[in-house]
Amino acid sequence: YLLGNTEQAQEHYRQALVLAPEYGDAHCNLGVVLEEAGDLETARFHFQEALAQLRQEFIDSSAERLDQIDLLIDRMYNDKGDRNADFIEFQRDIHSMKGSAGTYGFDSVTLIAHRLEDFIEAAPDLSNGQLLDVQVYVDRIREILESGQNASKERLDDILVTLPTIGPAPTVTQ
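Parameters and conventions
- Residue numbers here run from 1 along each chain, matching the order of that chain's written sequence.
- Reporting of local features is limited, given that this is a predicted model, to residues whose pLDDT is at least 70; pairs of side-chain atoms are given and counted only at 80 or more, and all residues count toward the totals for whole chains, interfaces and linings.
- Side-chain metrics in this entry use all non-hydrogen atoms of the structure; hydrogen atoms and water are not considered.
- A helix here means a DSSP run of H or I that spans at least four residues, while a strand means a run of E at least two residues long, and both kinds are numbered starting from the N terminus.
- In this treatment the radius of gyration is a C-alpha quantity, and the globule benchmark scales as 2.2 Å times the residue count to the 0.38 power.
- Contact criterion: two residues are considered in contact whenever any of their non-hydrogen atoms come within 4.5 Å of each other.
- Here the Shrake-Rupley method, with its probe set to 1.4 Å, supplies the accessible areas, and only the displayed protein chains count as covering residues.
- Neither His nor the chain ends contribute to the count of charged residues, in which Lys and Arg are positive and Asp and Glu negative.
- Charge positions are represented by NZ for Lys, CZ for Arg, CG for Asp and CD for Glu.
- Between the first and last residue of a helix there are one fewer steps than residues, each counted as 1.5 Å, and that sum is the expected span.
- Each residue is placed in one exposure class: buried if its accessible area under a 1.4 Å probe, protein chains only, is under 20% of its type's maximum, exposed if it is over 50%, and partly exposed if it falls in between.
- Whenever a nitrogen or oxygen atom comes within 3.5 Å of another N or O atom, the pair is scored as a polar contact, on the condition that within protein one atom can donate a hydrogen and the other can accept it, and that pairs from neighbouring residues in sequence are kept only if both atoms are in side chains.
- Patch membership requires over 30% relative accessible area and the absence of a salt bridge. Like charges are linked within 9 Å, and nonpolar side chains (Val, Leu, Ile, Met, Phe, Trp, Tyr) within 5 Å.
- A side-chain nitrogen of Lys or Arg and a carboxyl oxygen of Asp or Glu constitute a salt bridge if their distance falls within 4 Å.
- In this text, buried Ala, Val, Leu, Ile, Met, Phe, Trp, Tyr and Cys residues form a nonpolar core when linked through side-chain atoms within 4.5 Å.
- Each Phe, Tyr or Trp ring (for Trp, its six-membered ring) is paired with any other whose centre lies within 6.5 Å, and the angle between the two planes then decides the class: stacked below 30 degrees, edge-to-face above 60, tilted in between.

Novice: Give me the overall build of the protein: which residues, what numbers.
Specialist: Scanning the protein from N- to C-terminus turns up seven helices and zero strands. Ordering the α and β elements of the protein from the N terminus gives α-α-α-α-α-α-α. Expected size for 174 residues packed as a compact globule is a radius of gyration near 16 Å; at 21 Å, the protein overshoots this value by more than 25%. With the principal axes as the frame, the protein shows a C-alpha extent of 65 × 35 × 20 Å. Put simply, 57% of the contacts in the protein that link residues at least 6 apart link residues at least 24 apart. About 10,100 Å² of surface is accessible on the protein, with carbon and sulfur atoms providing 51% of the total. For the protein, the separation between the mean place of its 14 positive charges and that of its 32 negative charges on side chains is 5 Å.

Written out as structure tokens, the structure is:
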């Protein structure tokens, strides 16, 4: 492609996709070549496939991250390991998930993770009872990601009113 042979590039990307249909980079690169060739409809299809692959990779990596968060909560709850280090790692993981979720269309996860950050900011020395409350947030995030779809407005409203809080509960739209 970089040498100007777009027909050969198209053929190579198509061959790559025969071997690995889920290869997002090949979809994206083929989309670029097709767009330049004027085949906008097919280019759009390949761009959408690339985005779908990135979204699935986010869901998969988030499942692994949530598993790690579960372990951290368990370690803090049972006083195993270095509680301060575990707490910092937990905060970092939640913050990363909050920042990434919206990029992949999971605005509800972003909002729940933000609420979780607010919760732990209000209780920086989480008691075991509060760690159980934290687990509720993590479980709701997991449910959304396992569904593969952003929560509907109605479902998100239902989730938000049931999340544990410290102090006055935020309004649903906050």
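Novice: Tell me about helix 5 (residues 107-122), and name the residues and values.
Specialist: The end-to-end C-alpha distance of helix 5 is 23 Å, a good match for the 22 Å that 16 residues give at a rise of 1.5 Å each. For helix 5, the set of buried residues is Ser108, Val109, Leu111, Ile112, Ala113, Arg115, Leu116, Glu117, Phe119 and Ile120.

Novice: Just give me the short version of helix 1 (residues 6-19), but keep the residues and values in it.
Specialist: Residue pairs spaced three or four apart in an α-helix point in one direction, given the helix's 3.6 residues per turn. For helix 1, with 14 residues, the first-to-last C-alpha span of 20 Å sits near the 20 Å given by 1.5 Å per residue. In this structure, the buried side of helix 1 is in contact with helix 2 (24-36) and helix 3 (40-77).

Novice: Quick rundown of the environment of Arg83? Include the residues and the values.
Specialist: Here Arg83 is to be found in helix 4 (residues 83-101). Among the residues examined, Arg83 registers a relative accessible area of 29% and is labelled partly exposed. As a C-alpha pair, Arg83 and Gln135 span 52 residues in sequence and 16 Å in three-dimensional space. For Arg83, the residues in contact, after removing those within four places along its chain, are Met76, Leu126, Ser127 and Leu131. At 2.2 Å, the side chain of Arg83 and the backbone oxygen of Leu126 are in polar contact.

Novice: Summarise a negative patch on the surface; cite the residues concerned and give the values.
Specialist: On the surface, Asp25, Glu57, Asp60 and Glu64 cluster together to form a negatively charged patch. Looking at the negative patch, the element that brings in the most residues is helix 3, giving three residues. For Asp60, the position within the fold is in helix 3.

Novice: Tell me what's going on with unusual backbone geometry, and back it up with residues and numbers.
Specialist: If you check the backbone angles, Asp79 has positive phi at about 50° while not being a glycine. Exposure remark for Asp79: the relative accessible area of 63% places this residue in the exposed category.

Novice: Now, about the pattern of salt bridges: what can you tell me, with residues and values included?
Specialist: Considering all chains together, one arrives at eight salt bridges under this definition. Arg142 is the partner of Asp67 in a salt bridge, and the nearest nitrogen-oxygen pair spans 3.1 Å. Of this pair, Asp67 sits in helix 3 while Arg142 sits in helix 6 (residues 128-147), and the two are 75 residues apart along the sequence. What makes Asp67 partly exposed here is its relative accessible area of 41%. On the basis of relative accessibility, which here comes to 15%, the residue Arg142 falls in the buried class.

Novice: Could you give me a rundown of the nonpolar core, with the residues and numbers involved?
Specialist: Counting 34 residues, the largest nonpolar core has Phe90, Ile112 and Val134 as its most contacted members. If near-sequence neighbours (up to four positions away) are discounted, Phe90 is found in contact with Ile69, Leu72, Ile73, Met76, Leu116, Ile120 and Val134. Counting eight residues, the second largest nonpolar core, distinct from the first, contains Ala9, Tyr13, Leu17 and Val33.

Novice: Tell me about the packing of aromatic side chains, and please be specific about residues and values.
Specialist: Within the structure shown, the criterion is met by four aromatic pairs. Aromatic pair Phe58 and Phe106: ring centres 6.0 Å apart, planes at 35°, arrangement tilted. One end of the pair, Phe58, is in helix 3; the other, Phe106, is in the loop between helix 4 and helix 5, and 48 residues separate them in sequence. Across the pair, Phe106 and Phe58 agree in class, each one buried. An angle of 35° between the planes, with centres 6.3 Å apart, marks the rings of Phe87 and Phe90 as tilted. One end of the pair is Phe87 and the other is Phe90, both in helix 4 and three residues apart, which spans about a single turn. Within the aromatic cluster, the residues linked to one another by ring pairs are Phe58, Tyr104 and Phe106.

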